[in-house]
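# Structural description and commentary
So the chains spell out like this:
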Amino acid sequence: MSSRQCATWLFSLALLANFLAACSGETQSTDRRAIIFRGKVSNLDTGEVLSTFCAEQNPDGTVMDASDTRYAEVVHIKAAAGTRVQMDIEWEERSDLIYGPAPPQRDEAFWCAGGGKASRVPILHGWACKIAVPPDPAAIVEDAQPLGVAIDGGWAQGYSLTLRVVHPGIVWTAYEEECSIDEYSRAIPESLGEATVDPF
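First things first, this report covers the structure right here in the doc. This is a predicted model, so every value here is computed, not measured.

## A closer look at the packing of aromatic side chains
- Throughout the structure, instances matching the rule amount to 5 aromatic pairs.
- Aromatic pair Phe37 and Phe53: ring centres 6.4 Å apart, planes at 50°, arrangement tilted. Residue Phe37 is located in strand β1 (residues 29-43), and its partner Phe53 is located in strand β2 (residues 49-56); the two are separated by 16 residues in the primary sequence. We note that Phe37, like Phe53, is buried.
- Ring centres 4.7 Å apart and planes at 85° place the aromatic pair Phe37 and Tyr71 in the edge-to-face group. Here Phe37, found in strand β1, pairs with Tyr71, found in helix α2 (residues 70-74); they are 34 residues apart in sequence, far enough to count as distant. Each member of the pair, Phe37 together with Tyr71, is buried.
- In textbook terms, an aromatic cluster arises when at least three aromatic residues are bridged by ring pairs, as seen for Phe37, Phe53, Tyr71, Trp91 and Tyr159.

Definitions and limits used
- Residues numbered from 1 in each chain as written.
- Predicted model: local features only at pLDDT ≥ 70, side-chain atom pairs only at ≥ 80, totals over all residues.
- Heavy atoms only, no water.
- Phe/Tyr/Trp six-rings, centres within 6.5 Å; stacked < 30°, edge-to-face > 60°.
- Helix = DSSP H or I, 4+ residues; strand = E, 2+ residues; numbered from the N terminus.
- Buried < 20%, exposed > 50% of the residue type's maximum accessible area, 1.4 Å probe, protein only.

And the structure:
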């Protein structure tokens, strides 16, 4: 075999190796998924948007327990006592199918910026039963309405809470005892740190 033939053969072999590597990479995929919640807080009297938020539901992979404050860490309300605000919050599942042997990590900033594919599914139940936890709540729940997809049984993609600010602190919510379990499935956790009222 001449040197020219040898070079041609080696070049062809390199092309074949690259082709096989590419094909092999395409057969390997990783499906990254996350559930995020996003929304806003508005002053009902002025219409001013007081804050917007977006965060991953369980960034560390843990399960929310009966005294979870994940939402209160993210959702902040800065308003004077007596102010009526509307808190809109919706959930969505986002996924990203990544090809290649070493897929990159996907973080909260990626998902909240619209990365991946959104799947809007009704994942929330019991929204109609929410009330502020006594005694001395940081805000009073005056109304609750579903947001996004809503179906029978109290399920919704999100909800809108009308709150009347009382004082700074975590807004704890729970579910009314009078709420029919037949009509609305009781959610877990039973009490939740919904938001934080910051000093005004």
